[in-house]
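Okay, here's what each chain looks like letter by letter:
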Amino acid sequence: MVFILKSNSEISQRYAKALYELSLESKSLKNIERDVLNLKSLISKNSNLNELIKSHVISRENKAKVIEKILKKLKSHSLIVKFMGTIALNGRMNFIEDIIDQFLNKLSIERGEIKAELTTALPISNEINNTLIKEVKKLTKSEKIELKTNVDKSLIGGLVLQVGSTMIDSSIKTKLNSLKMTMKGV
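The paragraphs below set out a description of the structure included in this document.

Here is what the cut-offs are and how they apply
Residue numbers here run from 1 along each chain, matching the order of that chain's written sequence. Restriction of local features to residues with pLDDT of at least 70 applies here, the model being predicted, together with a cutoff of 80 or more for giving and counting side-chain atom pairs; totals for whole chains, interfaces and linings are based on all residues. Calculation of side-chain values draws on the structure's entire complement of heavy atoms; hydrogens and water are dropped beforehand. Accessibility here uses a 1.4 Å probe with only protein chains present; expressed as a share of the type maximum, an area under 20% marks a residue as buried, one over 50% as exposed, and anything in between as partly exposed. Strands are runs of DSSP state E lasting at least two residues, helices are runs of H or I lasting at least four, and both sets are numbered from the N terminus onward. Directions pointing from the helix axis toward each C-beta atom define the arc. Here a polar contact means two N or O atoms within 3.5 Å. Within protein one must be a hydrogen donor candidate and the other an acceptor candidate, and residues neighboring in sequence count only if both atoms are side-chain atoms. Only buried Ala, Val, Leu, Ile, Met, Phe, Trp, Tyr and Cys residues count toward a nonpolar core, and they belong to the same one when joined by side-chain atoms within 4.5 Å. Any two residues whose heavy atoms approach within 4.5 Å are treated as being in contact. For two strands to count as paired, DSSP must find a minimum of two bridges between them.

## Considerations on helix α3 (residues 47–54)
And then number 1: Residues of α3 that are buried: Leu-49, Asn-50, Leu-52 and Ile-53. End-on, the buried residues of α3 take up no more than an arc of 160 degrees, which puts them together on one face. Opposite the buried face of α3, by more than 90 degrees, sit the exposed residues Asn-48 and Glu-51.
And then number 2: Looking at where α3 begins, the residue whose side-chain oxygen comes 2.9 Å from the main-chain nitrogen of Asn-48 is Asn-46.

Dropping the structure here:
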């Protein structure tokens, strides 16, 4: 007998796809998106919920009861309540954050949205932010750009822009590291 282990990402993608398709079938995509975003926010803010999700001591059934109770209290759509209960009963609660991210990513792709991530050494102004969004729109030929900004003081200066699998790194940190490697080779 051969067992094929599936990667965490593959498992999360399957659940996310199933949730997306169920949401479309039930014509409740907007409600499900809202509920998923609420759950994501709750998970990021509540350490007790995080402990529940990661716990190997709490049974699947108890996890399902707790997550269903939380979602009902949040007045979530019945589909998301059942779906998350199923995730818990299937022992996949540890994938919940990745499933949510995969679901939200699928929504973005279906809407034609492009996500870009900008990392700078210092916070940028709204003017620079808007200019970068315009440039990314030109580069990608897309009108729907979501630009997430991060600050990483270790960059010293410059910026790192990632759009999909393309990365533009003009940080001083990278240039110094490159110079250091070149000097070692001399």
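## A short note on the nonpolar core
Side chains of nonpolar character tend, in soluble globular proteins, to be buried together.
And then number 1: With 30 residues, the main nonpolar core has Val-36, Leu-39, Ile-67, Met-84, Ile-96, Ile-100 and Phe-103 as its most contacted residues.
And then number 2: Listing elements by their share of this core, those giving two or more residues are α1 (8–25), α2 (29–45), α3, α4 (60–73), α5 (78–89) and α6 (96–111).
And then number 3: With 7 residues, α5 is the largest single contributor of residues to this core.
And then number 4: If we ignore the near neighbours within four places in the chain, the residues touching Ile-67 are Leu-39, Leu-49, Met-84, Gly-85, Ala-88 and Met-93.

## A short note on the pairing of strand β3 (residues 159–163)
And then number 1: Taken together, the 5 bridges between strand β1 (residues 114–120) and β3 define a ladder with antiparallel strand orientation. By the bridge assignment, Thr-120 is partnered in β3 with Leu-159.
And then number 2: Connecting β3 to the next strand, strand β4 (residues 166–169), in antiparallel fashion are 2 residues, including Gly-164 with a positive phi near 60 degrees.

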